[in-house]
Amino acid sequence: MYQPFCSLAIFVVCCVLPISVVAEEISTIDTTIQRDEWGVAHIHGTTHADAFFGMGYAQAEDYFWQLEDTCIRALGRHSEVVGEDGVRSDILNRSFGIARRSREDFAKLSLEHQGMAAAYVGGINRWLQQHPDERVRLIDRFEPWYVVAMDRHMILEFVYRRVHVGKPRDRNGQDIAAVSAKAWEQGADFNSWDLPPAVETGFDEAVREAIGSNAWAISGSKTESGAPMLFVNPHQPWYGMGQFYELHVSSGEGLNFTGACFFGNPFPTIGHNQHLGWTYTVNDPDVADAWYVTFDDAANALNYRVGSGHRQATQWEETLIVKRGGKLTKQHVTFRTTHHGPIVRKDGDNKYVAVQLAGLFDMDRVTQAWGMVMATNFQEWKAAIGHCAIPMFNVVYADKAGNIFYAYNGTIPRRDSTFNWQQPVDGSDPRTDWQGTHSFDELPQVLNPPCGYVQSCNSSPFTTTKSHNPDRAKFPTYMAEDADVDMRRAKLSRLILEDVDDLTFDQLQALSYDTRLYWALTEIPALAADYAKLKISDPQLAEEIAPYWKHLNEWDFRSAAESTQTTLTVAWYEQLYGFGYPAETLKREFHDRATWFQALKTAAGKIEGLYGTWKHPWGKAHRLQRVADQPDVQHAGVGLNPFFESLPCAGVPGPLGVINTVYSSPEIPFLRTQRFAVVGASYMAVVEFTDRIRANSVMPFGVSGRRASPHFFDQAKLYSTMKLKSAWFYADEVGEHAAATVTLKQSE
């Protein structure tokens, strides 16, 4: 399928030697990084090792701050840099032993996979060596095992923070900081399980839940060229470790892949090679469970009940270094773990809660990801993803051979279905132990449906198409927790894809920014009869809202920067459903549709109070702006400033049912009346699998996170005007559009 990893094996041997030896031994590095007019790195190495080296170098060059921030979190040392705000992340990381186990497990990887990581961090370290003025907060030299830790910590944060009703909720950072500070002031240690669970409200919860995506694969039977097409549209935060990074990497040993990944990934995780491509969307497979664990042995406090006997938990103490008042302080924390996973909460004198995430420590994840990147056909690609080492995410696929494919991917444990897995189960009952995991072939999937498309918009696997879906009766009820979810974005996608015929590449680009609002398109016309009744039942209210109602009915139900109807509709929708996401369920007080008109009046009044008129263009209310070096969306929201440069944004929140999905910070009356986009299409691409593949893409801001770079905010102009740029893939076009070139050889 692809060339052997001999170059990587040689590289890892060099990279584990002392630095002085490495400088002498790494004499075969031969990497070229060409930057196109948008600053996107096109990395080519003579060997795979050279390419991975270039990946590390390019990521450090473009945004070392974010790369280091992700690594700091992965090592469980965030509080050492940011203070008590980082304790939550460090406690979670250390409860699962991410750093410790990653260091231990690195030696268990094959030499080839160790070589990937060694080459990648070699590139990061080369950047730091060449740029001693780089602002390093903690890590001045990266170790190869850090790559494993970053992968695991990102999965941990993503999956654990999405645990569902009845399971241990993510812990509130502010509450944890308060407990930590109080213990430190009193000179006391504390237990990780004594920390309070979060009560999430408002913007924090909205941001957490806004992470989603749109993805389509369209058969050649519905395209003008006869070639399949792929629409890549993940919705990730635009700040923090979940933001995407666009790049293109190739080698003389057969690697050629373009797409995107997170900072800290050694190669792209979505995109396409010269044969095929895929993307992911968020799904809700049940991959995390909780158990009640009872410690009832008077003779041994670490013994917990299992069946008619006991097992012994492992308990240990770690020292957190927490920055306080400009000084580094020590905080001693006790952790405990069981065969069900770490203890995360205490529910009584002897009753605790343990939680486990399937696949978190799966050693096959690199094998799977690399096999997918190097696959030349559907069979090879499916064999690679068949490891099921990526714990969650729907996958949507297309290739040159004409295949399109959808799968509800996940590392889904086999369970006894007589238990209610939506809440903690009795850990003393051996029947609640996981019984292995489901194979990939046992997961819901759709290959080449007669309808000519598959779509995935964070909805049920059983609504992938209009009529050609997996048979729900064939799957365990616990498998898909989103089995009954059908988002409006999914409904709109099916409506669009059922209708397309002889689709061109240019038309797909236009659809990637489609601004039809499914909610407005379906609900406003349906309310006509209710408005007629309102004229009789409440003529005064009907007269008061008549201008608003008339204005909405003069609209094509498409969002646009100049549209005043969009501003009114978004405000109205939020009155009915609430701010944020998910918000596709009406508030209780609006179940009677007659009350919707009072909500419309309230919404119009809110807009007038903010802007002085209820007819305010959406593009003036909704803006694109970037601030640098922010650890997450919440911190970025504080720094967004109406007096600094910004651009209009036509996207709207996803629950209204729109392809151009964008979530924003809320308005602040009198202080900041604009919304600023913070979550949405974090990397977007359209791909046509003709003989010579065509692809266009865009990032919401720009490829560089450095404020002084010309590529810090240059793509925002494309995003604002709903355009894509060319994503150069073949060597001749990369060379033609190269604006800058860097060659990396032996260590200097």
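Reading the values: the criteria
- Residues numbered from 1 in each chain as written.
- Predicted model: local features only at pLDDT ≥ 70, side-chain atom pairs only at ≥ 80, totals over all residues.
- Heavy atoms only, no water.
- Core = buried A, V, L, I, M, F, W, Y, C linked by side-chain atoms within 4.5 Å.
- Buried < 20%, exposed > 50% of the residue type's maximum accessible area, 1.4 Å probe, protein only.
- Helix = DSSP H or I, 4+ residues; strand = E, 2+ residues; numbered from the N terminus.
- Contact = heavy atoms within 4.5 Å.
- Pairing = 2+ DSSP bridges.
- Axes fitted to C-alpha atoms, helices over the stretch in contact; angles between N-to-C directions.
- Polar contact = N/O pair within 3.5 Å; in protein donor to acceptor, adjacent residues only side chain to side chain.
- Patch = residues over 30% accessible without salt bridge, like charges linked within 9 Å, V, L, I, M, F, W, Y side chains within 5 Å.
- Areas by Shrake-Rupley, 256 points an atom, 1.4 Å probe, with all protein chains shown as cover.
- Salt bridge = Lys/Arg side-chain N within 4 Å of Asp/Glu carboxyl O.
- Lys, Arg positive; Asp, Glu negative; His and termini not counted.
- Charge placed at Lys NZ, Arg CZ, Asp CG, Glu CD.
- Phe/Tyr/Trp six-rings, centres within 6.5 Å; stacked < 30°, edge-to-face > 60°.
- Lys NZ or Arg CZ within 6 Å of the ring centre and 35° of its normal.
- Parallel < 35°, antiparallel > 145°, perpendicular 65-115°, else oblique.
- Nonpolar A, V, L, I, M, F, W, Y, C, P; charged D, E, K, R; others polar.

1. Looking at the nonpolar core
Okay, so step 1: Membership of the largest hydrophobic core comes to 125 residues, with the highest contact counts inside it found for F96, F142, W278 and W381.
Okay, so step 2: Looking at this core, the element that brings in the most residues is helix α3 (residues 48–74), giving 15 residues.
Okay, so step 3: Residues contacting W278, with those up to four places away along its chain left out, are L230, F257, T269, I270, G271, M372, V373, W381, V395, V396 and Y397.
Okay, so step 4: Counting 46 residues, the second-largest nonpolar core is a separate cluster that includes C457, V662, V698 and L718.

2. Overview of the environment of E608
Okay, so step 1: Turning to its location among the elements, E608 is positioned in helix α19 (residues 596–611).
Okay, so step 2: Judged by its relative accessible area of 39%, E608 falls in the partly exposed class.
Okay, so step 3: Each residue touching E608, except ones within four places of it in the same chain, is listed here: T613 and W614.

3. Describing the sheet that holds strand β7 (residues 256–262)
Okay, so step 1: Pairing is mixed across the open sheet formed by 10 strands, whose spatial order is β20-β18-β17-β9-β8-β7-β6-β2-β1-β29. Two strands lie at the open edges of the sheet, namely β20 (445–447) and β29 (740–744), each paired on one side alone. Direction aside, neighbouring strands of the sheet carry axes that sit 20° apart on average.
Okay, so step 2: In this structure, strand β9 (residues 276–281) lies alongside strand β17 (residues 394–399), joined through six bridges in antiparallel fashion. Paired with L276 across the two strands is D399, which belongs to β17.

4. Description of the side chain of Q455
Okay, so step 1: Along the chain, the position of Q455 falls in strand β21 (residues 453–456).
Okay, so step 2: The class of Q455 is buried, set by a relative accessible area of 3%.
Okay, so step 3: Within the structure, Q455 has its side chain in polar contact with the backbone oxygen of T463 (distance 3.0 Å).
Okay, so step 4: Among the polar contacts listed, one links the side chain of Q455 to the backbone oxygen of T464, at a separation of 3.1 Å.
Okay, so step 5: Sequence-distant contacts of Q455, defined by excluding residues within four places in its chain, comprise A215, W216, T463, T464, A490, S493, R494 and L497.

5. Comments concerning a negative patch on the surface
Okay, so step 1: On the surface, E224, E498, D499, D501 and D502 cluster together into a patch of negative charge.
Okay, so step 2: Position of D502 among the secondary structure elements: in the loop between α13 (488–499) and α14 (505–512).
Okay, so step 3: Owing to a relative accessible area of 43%, D502 belongs among the partly exposed residues under this scheme.

6. Observations concerning the packing of aromatic side chains
Okay, so step 1: Enumeration according to the criterion identifies 46 aromatic pairs in this entry.
Okay, so step 2: Ring centres 5.5 Å apart and planes at 85° place the aromatic pair W519 and W572 in the edge-to-face group. Remark: W572 occurs in helix α18 (residues 564–577) and W519 occurs in helix α15 (residues 518–526); sequence separation between them is 53 residues. Accessibility classification places W519 together with W572 in one group, the buried group.
Okay, so step 3: An aromatic cluster is present here, built from F257, W278, F378, W381, Y397, F405 and F440 joined pairwise through their rings.
Okay, so step 4: The cationic tip of R101 hangs over the ring face of F361; the distance from NZ or CZ to the ring centre is 3.7 Å.

7. Description of unusual backbone geometry
Okay, so step 1: Despite not being glycine, F557 shows a phi value in the positive range, around 65°.
Okay, so step 2: With a relative accessible area of 12%, F557 lands in the buried category.

8. Describing helix α5 (residues 87–95)
Okay, so step 1: Across the nine residues of α5, nine count as buried, placing the element largely inside the fold.
Okay, so step 2: Buried residues of α5: V87, R88, S89, D90, I91, L92, N93, R94 and S95, and no others.
Okay, so step 3: Phi for G97, located one or two positions after α5, is positive at around 65°.

9. Section: a nonpolar patch on the surface
Okay, so step 1: Together, I668, F670 and L671 line one region of the surface with nonpolar side chains, adding up to about 390 Å² of accessible area.
Okay, so step 2: By the secondary structure assignment, F670 is in the loop between β24 (662–665) and β25 (675–681).
Okay, so step 3: Look at F670 and you get exposed, because its relative accessible area is 80%.

10. Things to note about the pairing of strand β26 (residues 684–688)
Regular strands place their side chains on alternate faces of the sheet.
Okay, so step 1: By the criterion of burial, β26 is predominantly enclosed, with five of the five residues buried.
Okay, so step 2: Of the pairings in the sheet, the one linking β26 to strand β27 (residues 694–698) comprises five bridges and is antiparallel in character. Bridging across to β27, E688 finds its partner in R694.
Okay, so step 3: Between β26 and the antiparallel strand that follows it, β27, lie five residues.

11. Observations regarding the environment of A727
Okay, so step 1: Note that A727 resides in the loop between β28 (725–726) and α23 (731–736).
Okay, so step 2: For A727, a relative accessible area of 11% gives the class buried.
Okay, so step 3: Linking A727 and D36, residues 691 residues apart in sequence, is a C-alpha distance of 9.4 Å.
Okay, so step 4: Not counting the four nearest positions on each side in its chain, A727 is found in contact with E246, A695, N696 and S697.

12. What to know about the pairing of strand β13 (residues 314–324)
Okay, so step 1: With 11 bridges connecting them, β13 and strand β14 (residues 327–338) associate as antiparallel partners. If you follow W316 over to β14, its bridge partner there is F335.
Okay, so step 2: With antiparallel pairing between neighbouring strands as the criterion, β13 and β14 make up a hairpin whose turn holds two residues, including G325 at a positive phi of roughly 60°.

13. Concerning the packing of α5 against helix α8 (residues 146–160)
Okay, so step 1: Close contact between α5 and α8 brings their axes to 11 Å; oriented N to C, the two are set at 105°. Overall, the two elements α5 and α8 adopt an arrangement that is roughly perpendicular. On the side of α5, the interface is formed by R88, S89, L92 and N93, while α8 contributes H153, L156, E157 and Y160.
Okay, so step 2: Classifying every residue of the contact of α5 with α8 by side-chain character gives three nonpolar, three polar and two charged.

14. Considering the packing of α3 against α8
Okay, so step 1: Put simply, α3 and α8 touch, their axes get as near as 8 Å, and they point 80° apart. It follows that α3 is roughly perpendicular to α8 by the angle criterion. Residues L67, T70, C71, R73 and A74 of α3 lie in contact with α8, whose contacting residues are Y146, A149, M150, H153 and M154.
Okay, so step 2: Looking at the contact of α3 with α8, its residues break down into seven nonpolar, two polar and one charged.

15. Looking at the environment of Q66
Okay, so step 1: Along the chain, Q66 falls in helix α3.
Okay, so step 2: A residue is classified by how much of its surface remains accessible, and Q66, at 0% relative accessible area, is buried.
Okay, so step 3: Separated by 563 residues in sequence, Q66 and D629 have C-alpha atoms that sit 7.0 Å apart.
Okay, so step 4: Sequence-distant contacts of Q66, that is, excluding residues within four places in its chain, are made with G240, M241, Q243, F263 and Q630.

16. Thoughts on the pattern of salt bridges
Okay, so step 1: Scanning the entire structure with this criterion turns up 38 salt bridges.
Okay, so step 2: Note that R152 is salt-bridged to D105, the shortest N-O span being 2.9 Å. Of this pair, R152 sits in helix α8 while D105 sits in helix α6 (residues 98–106); the two residues are 47 residues apart in sequence, bridging distant segments of the chain. An identical accessibility class is assigned to R152 and D105; each is buried.
Okay, so step 3: A salt bridge links R706 to E134; its shortest N-O distance comes to 2.6 Å. Residue R706 is found in the loop between β27 and α22 (716–720), and its partner E134 is found in the loop between α7 (111–130) and α8; the two are separated by 572 residues along the sequence.
Okay, so step 4: Taking the relative accessible area as the measure of exposure, E134 reaches 15% and is therefore buried.

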